[in-house]
Amino acid sequence: MKRFSIQQIKSKWILLISIAIFFITYLIDLMSPRDKIISFFVVGTVLATLVAAIWAIVNYVGHLQVNPLYKTETDINKHQPIFQVHNHQYLFFWGSLAVLIGMILFIVEFLVPSFRTVIMVDIGVTLVCYGVGFYLTFFMYLLLDKLLANK
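Cut-offs used in this document
Residues numbered from 1 in each chain as written. Predicted model: local features only at pLDDT ≥ 70, side-chain atom pairs only at ≥ 80, totals over all residues. Heavy atoms only, no water. Helix = DSSP H or I, 4+ residues; strand = E, 2+ residues; numbered from the N terminus. Contact = heavy atoms within 4.5 Å. Axes fitted to C-alpha atoms, helices over the stretch in contact; angles between N-to-C directions. Parallel < 35°, antiparallel > 145°, perpendicular 65-115°, else oblique. Left-handed = near helix turned anticlockwise from the far one by under 90°. Nonpolar A, V, L, I, M, F, W, Y, C, P; charged D, E, K, R; others polar. Core = buried A, V, L, I, M, F, W, Y, C linked by side-chain atoms within 4.5 Å. Buried < 20%, exposed > 50% of the residue type's maximum accessible area, 1.4 Å probe, protein only. Phe/Tyr/Trp six-rings, centres within 6.5 Å; stacked < 30°, edge-to-face > 60°.

A. Summary view of the side chain of Ser18. Here Ser18 is to be found in helix 1 (residues 12-31). When neighbours within four sequence positions are excluded, Ser18 is seen to be in contact with Ala48, Val51, Ala52 and Tyr130.

Right, dumping it as structure tokens:
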């Protein structure tokens, strides 16, 4: 179960800033009149996405480890990758959990209209968006692992 530990997520504070920006931006958008200008929502979501991208880079670099076979220049073995890849299944697990909880919220909101509040809609959308983002990050990390293994 260590592979799915929340401790696998590095620099959580950067991710939390991104989530807060997205959540607040979407909340303001939901509470605003429908005839408003959408530039605030667009700027907020783009900023949240950029902060999430920075987190993804910092998180990936935080997991990189130099192969122990490369401790000294004389130990270099050209048949071994320079970096050891990290197991990124925690992203798939937490992404799945976030999407599942978000979808359950949507179903409950549909079946029980009194449960459908602005905050609950915002929480559901945020969970699904960041869950899908974790999926995409998982596949991006796999691609980066393959690229690094070939170097």
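B. Structural view of the packing of helix 3 (residues 89-111) against helix 4 (residues 118-149). For the pair helix 3 and helix 4, interaxial distance at closest approach is 7 Å and the crossing angle is 155°. Taken together, the axes of helix 3 and helix 4 are roughly antiparallel relative to one another. Considering how the two elements wind past one another, helix 3 and helix 4 form a crossing that is left-handed. Within the contact of helix 3 with helix 4, the residues separate by chemical class into 22 nonpolar, seven polar and one charged.

C. Expanded view of the side chain of Thr25. One can find Thr25 in helix 1. Ignoring anything within four residues of it in the chain, the contact list for Thr25 reads Phe40, Phe41, Gly44 and Thr45.

D. Quick peek at the nonpolar core. Membership of the largest hydrophobic core comes to 18 residues, with the highest contact counts inside it found for Ile9, Leu15, Trp55, Leu91, Tyr130, Phe134 and Tyr141. Sorting the residues of this core by element identifies helix 1, helix 2 (39-63), helix 3 and helix 4 as the ones contributing at least two each. Looking at which element gives the most residues to this core, the answer is helix 2, with six residues. Residues within four places of Trp55 in sequence aside, it is in contact with Ile9, Lys10, Ser11, Ile14, Leu15, Leu91, Phe134 and Thr137.

E. A look at the packing of aromatic side chains. Overall, the coordinates contain nine aromatic pairs when judged by the stated rule. Taking the centre distance of 6.0 Å and the plane angle of 50° together, the rings of Tyr26 and Phe41 count as tilted. With Tyr26 in helix 1 and Phe41 in helix 2, the pair connects residues that are 15 residues apart, well separated along the chain. For Tyr26, a relative accessible area of 16% corresponds to the buried category. The interplanar angle of 75° and the centroid separation of 5.1 Å between the aromatic rings of Phe138 and Phe139 together place this pair among those described as edge-to-face. Exposure remark for Phe138: the relative accessible area of 11% places this residue in the buried category.

Worth remembering: the numbers are spatial, not functional.
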